[in-house]
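One-letter residues, chain by chain:
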Amino acid sequence: MANIFFRYGDARNLTFALGPGTILGWPEKFHIFHPLRMFGKAPDILCSHARFNKEPINWLFPRKTSKYVTILRNPEDNYESVFNFAQLGKSFGLGVALDSLEKFLDKPIQSYNHSRKDMMMYLARNPMMFDLGFSFEYFQNLTAVKEYIQFLDKEFDLVMIMDYFDESLLLMKRLLCWDIEDILYVKLNERQDKEKATRLSARVKENIRRWNKADVLLFDYFNATFWRRVKKEGPNFYEELSTFRKRKQEIQQSCLINGTRIQRAYHNKFVKGYSVRNDLDENSKRLFTILIIFLRITKYSGFSRVCFGNFLFWQGWGLKYEPNVLLMYTILGWPEKFHIFHPLRMFGKAPDILCSHARFNKKPINWLFPRKTSKYVTILRNPEDNYESVFNFAQLGKSFGLGAAPDSLEKFLDKPIQSYNHSRKDMMMYLARNPMMFDLGFSFEYFQNLTAVKEYIQFLDKEFDLVIRTFCT
């Protein structure tokens, strides 16, 4: 699935929410700090492995303009795959043999413990519900499970079924208004045969369903909704499905070398891969290579605490208390209002301090710094000295064609309306009128609306715990 979305987005120069690895903060629920910094751009696609978390995901991908898609698999096959691929038998001290699953399921309660430090332990029960954001604390609360399934039904536009992958892709194609070429695929990252427990006994299957009751309820519910949806598509759905499968088979037969090869997925895990025929023309070879490539996300060496020379206050205090300071050079997205994409990525850690130059924007700042646990402080200066300082420091006289001499301020103020124009591309032009109100988030469109000005001042009075006045010159 990720390969399909990466191909689609890459071909259209779309932006992805990516982490430093192949996962986004997992096993924690997804948070806005988990993706790498977007440098001011909102992401178009999130298809990396992440735990669903409604509020931050709704923030990044507004429901009115986004489509939410996920995929499930029947619980028996899914749990066997997860258990053996993640080597949970080894984690539970049962070895890595294929019968370790059966041994575990005989007495799961004695082995299962979420307090273990092994990250894969979170997959040991109801892994699909866990990935969809449900807490393991409520796995045995069937009322909570059913309520959460209803919640997911409202959140997702399409829940695909891995067992019917072609049908699922076709539903997604129609939902997203894609073309057949966009959903072509070959099977990727399939486990080696020696790692598969191909024949699960009826007893093991029953034990899997009993142990993963929440996943069973989840799958049964969305499997039913899936087929109701297919039925609504009408007879032409199966006609298009036949066309899709025929096209997929044509590409595989013309481009693949018979047989499979083993390739590294990550760390010490190896999976089945494919080889492309050497006698293909360059266009065909490039096209098919995109279909089979295993996309690895480059791991960035990042940081959670950064120190720039001009933040002297933090340098002295921070060396003792080691706070996380939200930075991106000396400004954060200015002249745009502050947004969660502007800071450098914090690698899963929430910031403690924001002291870079940023335009106030209540919602994202309240999100990063909750009002109940944060103090909001800003600083003002008397307007005469502040404006003279801003005008000359930003060389606004030069921007207005009045030169850089000290008297350019006076010349500008004699006829400001003739010179002042916010449509100019010079970034400093945003400082040409009411720079303090602008930095505090007030739009220049309302500068002459005194009622709006006074209302905004009252709003700021409620938002800030302290407004300091500076006397510096």
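Rules used in this analysis
Residues numbered from 1 in each chain as written. Predicted model: local features only at pLDDT ≥ 70, side-chain atom pairs only at ≥ 80, totals over all residues. Heavy atoms only, no water. pLDDT = per-residue confidence, 0-100. Contact = heavy atoms within 4.5 Å. Helix = DSSP H or I, 4+ residues; strand = E, 2+ residues; numbered from the N terminus. Phe/Tyr/Trp six-rings, centres within 6.5 Å; stacked < 30°, edge-to-face > 60°. Buried < 20%, exposed > 50% of the residue type's maximum accessible area, 1.4 Å probe, protein only. Axes fitted to C-alpha atoms, helices over the stretch in contact; angles between N-to-C directions. Left-handed = near helix turned anticlockwise from the far one by under 90°. Arc of directions from axis to C-beta. Patch = residues over 30% accessible without salt bridge, like charges linked within 9 Å, V, L, I, M, F, W, Y side chains within 5 Å. Areas by Shrake-Rupley, 256 points an atom, 1.4 Å probe, with all protein chains shown as cover. Salt bridge = Lys/Arg side-chain N within 4 Å of Asp/Glu carboxyl O. Core = buried A, V, L, I, M, F, W, Y, C linked by side-chain atoms within 4.5 Å.

## Concerning the confidence of the model for the protein
Per-residue pLDDT for the protein averages 79, and the proportion of residues at 70 or more is 73%. Note that pLDDT drops below 50 for residues 293-323; the model gives that stretch 54 contacts with residues more than four away or on any other chain. Low pLDDT, under 50, characterises residues 325-329; the stretch is placed with 29 contacts to residues that sit more than four places away or in other chains.

## Side note on the environment of asparagine 78
Assignment of secondary structure puts asparagine 78 in helix α3 (residues 75-85). Spatially, the C-alpha atom of asparagine 78 lies 9.5 Å from that of methionine 162, the residues being 84 residues apart in sequence. For asparagine 78, the residues in contact, after removing those within four places along its chain, are Arg73, Pro127 and Met128.

## Notes on the packing of aromatic side chains
Summed over the entire model, instances satisfying the criterion amount to 40 aromatic pairs. On the basis of an interplanar angle of 85° and a centroid distance of 6.0 Å, the ring pair of tryptophan 26 and phenylalanine 130 is categorised as edge-to-face. Of this pair, tryptophan 26 sits in the loop between α1 (2-11) and α2 (54-60) while phenylalanine 130 is found in helix α7 (residues 127-131), placing the two residues 104 residues apart along the sequence. Accessibility expressed as a relative area gives 6% for tryptophan 26, which makes it buried. Phenylalanine 130 sits in the buried class, given a relative accessible area of 2%.

## Examining the packing of helix α8 (residues 142-155) against helix α11 (residues 213-233)
Between α8 and α11, the least distance of the axes is 10 Å, while the angle of their chain directions is 35°. The interaxial crossing formed by α8 with α11 has right-handed handedness. Where α8 abuts α11, its residues Leu142, Val145, Lys146, Ile149, Gln150, Leu152 and Asp153 lie against Lys213, Ala214, Leu217, Leu218, Tyr221 and Phe222.

## Looking at helix α10 (residues 202-211)
By the burial criterion, the buried members of α10 are Val204, Asn207, Ile208 and Trp211. Relative to the axis of α10, the buried residues are bounded by an arc of 105° and lie together on one face. Facing away from the buried side of α10, by more than 90 degrees, are the exposed residues Ala202 and Arg210.

## Describing a nonpolar patch on the surface
There is a patch of nonpolar side chains on the surface, built from Val377, Ile379, Leu466 and Ile468 and spanning about 340 Å² of accessible area. For the nonpolar patch, the secondary structure elements donating two or more residues are β8 (377-380) and β9 (466-469).

## Quick word on the nonpolar core
Among the nonpolar cores identified, the biggest contains 102 residues, and Leu72, Leu169, Met172 and Leu218 are the most heavily contacted of them. Setting aside its immediate chain neighbours within four residues, leucine 218 contacts Leu72, Met128, Met129, Leu132, Ile149 and Leu152.

## Here we look at helix α16 (residues 383-393)
Buried within α16 we find Asn386, Tyr387, Val390 and Phe391. Buried residues in α16, looked at end-on, bunch into an arc of 125°, giving them a common side. In α16, the exposed residues that point more than 90 degrees away from the buried face are Glu384 and Phe393. Among the structural elements, α17 (396-399), α18 (408-414) and α20 (435-439) are those in contact with the buried residues of α16. Positive phi appears at glutamine 395, one or two residues downstream of α16, with a value of about 50°.

## Quick word on unusual backbone geometry
With an omega dihedral of 10°, the bond running from tryptophan 26 to proline 27 counts as a cis peptide bond. Looking at the element boundaries, proline 27 is found in the loop between α1 and α2. Located in the positive-phi region is asparagine 126, a residue other than glycine, with phi close to 45°. Looking at the secondary structure, you find asparagine 126 in the loop between α6 (108-111) and α7.

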